[in-house]
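Reading the structure
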Amino acid sequence: MSPKQVPQKSKKPASWTTVQRAAEIEFEEKRSRFIGLCFTIRDKAEAESELNAVRRRFPDATHHVFAWQTIFPENAGRYSDDGEPQGTAGLPVLDVLKKRGIDQAEIVVVRYFGGILLGAGGLVRAYSRAAASALDAASPLDAASPLRMCLRRKYRVTAPYDSYERLRYQLEKEGFYQETADFGLDVEWNVSTDLRREAELARLLADHSAGAALMEYIGEGYSPEKP
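Bear in mind the structure is a predicted one, so any value in this text is a computation, not a measurement. (Residues numbered from 1 in each chain as written. Predicted model: local features only at pLDDT ≥ 70, side-chain atom pairs only at ≥ 80, totals over all residues. Heavy atoms only, no water.)

**As for helix 1 (residues 44-57)**
The end-to-end C-alpha distance of helix 1 is 20 Å, a good match for the 20 Å that 14 residues give at a rise of 1.5 Å each. Of all the positions in helix 1, only Glu46, Ala47, Leu51 and Val54 are classed as buried. Down the axis of helix 1, the buried side of the element spans an arc of 140°, and every buried residue falls inside it. Residues of helix 1 that are exposed and angled more than 90 degrees away from the buried face: Ala45 and Arg56. Residues of helix 1 that are buried make contact with strand 4 (32-40), strand 5 (63-70) and strand 7 (105-112). Capping the start of helix 1 is the job of one residue whose side-chain oxygen sits 3.3 Å from the backbone nitrogen of Ala45: Asp43. (Helix = DSSP H or I, 4+ residues; strand = E, 2+ residues; numbered from the N terminus. Expected span 1.5 Å × (residues − 1). Buried < 20%, exposed > 50% of the residue type's maximum accessible area, 1.4 Å probe, protein only. Arc of directions from axis to C-beta. Contact = heavy atoms within 4.5 Å. Polar contact = N/O pair within 3.5 Å; in protein donor to acceptor, adjacent residues only side chain to side chain.)

**A word on the confidence of the model for the protein chain**
Averaged over every residue, the pLDDT of the protein chain is 89; residues scoring 70 or more account for 91%. Confidence drops under pLDDT 50 across residues 6-10; counting only partners more than four residues distant or on other chains, this segment forms twelve contacts. (pLDDT = per-residue confidence, 0-100.)

**Let's talk about the packing of helix 4 (residues 161-173) against helix 5 (residues 198-207)**
At a minimum axis separation of 10 Å, helix 4 and helix 5 run at an interaxial angle of 150°. One way to sum up the angle between helix 4 and helix 5 is to call them roughly antiparallel. Crossing of helix 4 against helix 5: the hand is right-handed. Here Leu167, Gln170 and Leu171 of helix 4 come into contact with helix 5, specifically with Leu201, Leu204 and Leu205. By residue class, the composition of the contact of helix 4 with helix 5 is five nonpolar, one polar and no charged. (Axes fitted to C-alpha atoms, helices over the stretch in contact; angles between N-to-C directions. Parallel < 35°, antiparallel > 145°, perpendicular 65-115°, else oblique. Left-handed = near helix turned anticlockwise from the far one by under 90°. Nonpolar A, V, L, I, M, F, W, Y, C, P; charged D, E, K, R; others polar.)

**Section: unusual backbone geometry**
Phi is positive for Arg31, which is not a glycine, with a value near 75°. Mapped onto the elements of the fold, Arg31 is located in the loop between strand 3 (23-29) and strand 4. Classification of Arg31 as exposed rests on a relative accessible area of 61%. With a phi close to 55°, Ala210 is a non-glycine residue in the positive phi region. Summarising the element assignment, Ala210 is placed in the loop between helix 5 and strand 12 (214-224). Residue Ala210 is classed as exposed on the basis of its relative accessible area of 78%.

**Description of the side chain of Arg152**
Mapped onto the fold, Arg152 is located in strand 8 (residues 147-159). For Arg152, a relative accessible area of 11% puts it in the buried group. In terms of polar contacts, Arg152 uses its side chain to reach the side chain of Asp194, at 3.3 Å. Residues within four places of Arg152 in sequence aside, it is in contact with Ser192, Thr193, Asp194, Gly219, Glu220, Gly221, Ser223, Pro224 and Glu225.

**Here's the deal with the packing of aromatic side chains**
All told, the structure shown has seven aromatic pairs when counted by the stated rule. Measuring from centroid to centroid gives 5.4 Å for Phe27 and Phe34, while their planes differ by 15°, and the two rings are stacked. Phe34 shares its class with Phe27; the two are buried. One aromatic cluster in this structure is built from Tyr161, Tyr164, Phe183 and Trp189. If you follow Arg153 out to its NZ or CZ, it ends over the ring of Tyr217, 4.0 Å from the centre. One residue, Arg197, lies across the ring of Phe176, its end atom 4.1 Å from the ring centre. (Phe/Tyr/Trp six-rings, centres within 6.5 Å; stacked < 30°, edge-to-face > 60°. Lys NZ or Arg CZ within 6 Å of the ring centre and 35° of its normal.)

**Examining the nonpolar core**
Nonpolar side chains in soluble globular proteins tend to end up buried together. Membership of the largest hydrophobic core comes to 28 residues, with the highest contact counts inside it found for Val93, Ile107, Tyr127 and Leu135. Of all the secondary structure elements, the ones that give two or more residues to this core are strand 3, strand 4, strand 5, helix 2 (90-100), strand 7 and helix 3 (119-138). Of all the elements, helix 3 adds the most residues to this core, at nine residues. (Core = buried A, V, L, I, M, F, W, Y, C linked by side-chain atoms within 4.5 Å.)

The following block contains the structure:
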C-alpha cells in the first residue's frame, strides 16, 4: 500500500511534545518477529532518511511499516501498511503517536513473517504493541518523559569570566534554559526565555554581573520545558 498523507492543521505551535531519544525494541508473536524503532525527526526529509536506513539495515524483512508526524517547521505526516492488509499496520502505529500526543517523531515497525497468520485483529494488536513499546523505550520514566518543547525568544549572553559561574547558577535557579557555553575572551552562551520574562532576564544579568553582562536577541527557537 502506498504511503498516505495525514491531514494536519496549519498553525505555528507555541509548543510540541516529542520523545527523549531514539530507541529500539523487539518481540515475537506467533513466530513473527517484530522490531519497533522510534526516532526524533525534524521534517519529512529526515523521516524518509530514517526509514531508508531501516530498510537498508533489514533488507530481507517482510514488511517495513511506518508512521510519522511533525508540527514544526511544517505540519505533516504519513503512514504506510507496506503490504499488510489495509488499516492493520500503519494506521495503528499512527494512532499510538496521536493518542500519546507525540510530534516530531517517527516509528518504524519491521516484521519478519513467521508462517502463522495473525488475522486483522492480531495484526492491529501486534503493531500497536510494537509502536507503544518503542515509544516507552524512547521516553523512559527516569528521563521525565515525554519531552515538551516550547517556543521562546533566544538571546546570546556575553559575560566576563568572573561573573560566568554566578550567572549560570542564578539562571538555572530561576528556570531559564541555557545552552553550552563558548569560552573565548569572554564567555558566551545562548539563553532562552518566555516573552513575559525578558525584563526579568535583563535584570538578573545586570544584578549578578555588576552590569558587565550583555544580551543580544538572536531570534525565536524551541527549547525543552523545565521539568
